[in-house]
Amino acid sequence: MLVRMELARIIINDIADQYLIYLREVDGDRIFPILIGLFEAMSINRRFTEEPPPRPMTHDLLKNMIEDLGGEAEDVVVNNLMDHTYYAVIRVRHDGELVEIDSRPSDAIALAVHYDPPLPIYVDSEVLDEVA
């Protein structure tokens, strides 16, 4: 079962070189932390704190490619945890079919916030139970 989450917080700690995002359960009180890289943290943060750049950045490019190739991004799903590594998919509808594109959670969430409104974010309940 998938649990709807929302981006609750992003922490950029340049001193410790550590970057985290926190997802919060939409209809509950569970919190889900994900350690992410600098580039993804800056891409997510930029969407909330700065004007859009004059030229497309990586996640803008991915969004444009999905749309220009006739797809419609539906949501992102953090769907697995193996060996302390999270896995995700970006779900895109194309020609009536739902295509799941393998992704790092940080890239999937960065893509999600590049939409207006942001794409829904889900976490598989088994992954959420394992972390909580």
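Computed from a predicted structure; not experimentally measured.

This brings us to the pairing of strand β1 (residues 2-13). Bridge count for β1 against strand β7 (residues 121-124) is four bridges, and the pairing is antiparallel. Residue pairing for β7: L2 is matched across the bridge by D124. Here β1 runs beside strand β2 (residues 18-25); their pairing, made up of eight bridges, is antiparallel. Bridging across to β2, I10 finds its partner in I21. From the end of β1 to the start of β2, which pair antiparallel, there are four residues, and D17 there has a positive phi angle of about 55°.

Strand order across the open sheet formed by seven strands is β3-β2-β1-β7-β4-β5-β6, with mixed pairing between neighbours. Looking at which strands have only one partner, the edges of the open sheet turn out to be β3 (31-36) and β6 (97-103). If you compare each strand with its neighbour and ignore which way they point, the axes differ by 35° on average. For β2 and β3, the ladder comprises six bridges, and the chain directions are antiparallel. Looking across to β3, one finds that L23 is bridged to F32. Sheet contacts for helix α1 (residues 38-49): β1, β2 and β3; angle to β1, the most-contacted strand, approximately 100°. Of the strands in this sheet, β4 (71-82) and β5 (85-94) touch helix α2 (residues 58-68), which is tilted by about 125° from β4.

Rules of the game
- Residues numbered from 1 in each chain as written.
- Predicted model: local features only at pLDDT ≥ 70, side-chain atom pairs only at ≥ 80, totals over all residues.
- Heavy atoms only, no water.
- Pairing = 2+ DSSP bridges.
- Helix = DSSP H or I, 4+ residues; strand = E, 2+ residues; numbered from the N terminus.
- Axes fitted to C-alpha atoms, helices over the stretch in contact; angles between N-to-C directions.
- Contact = heavy atoms within 4.5 Å.

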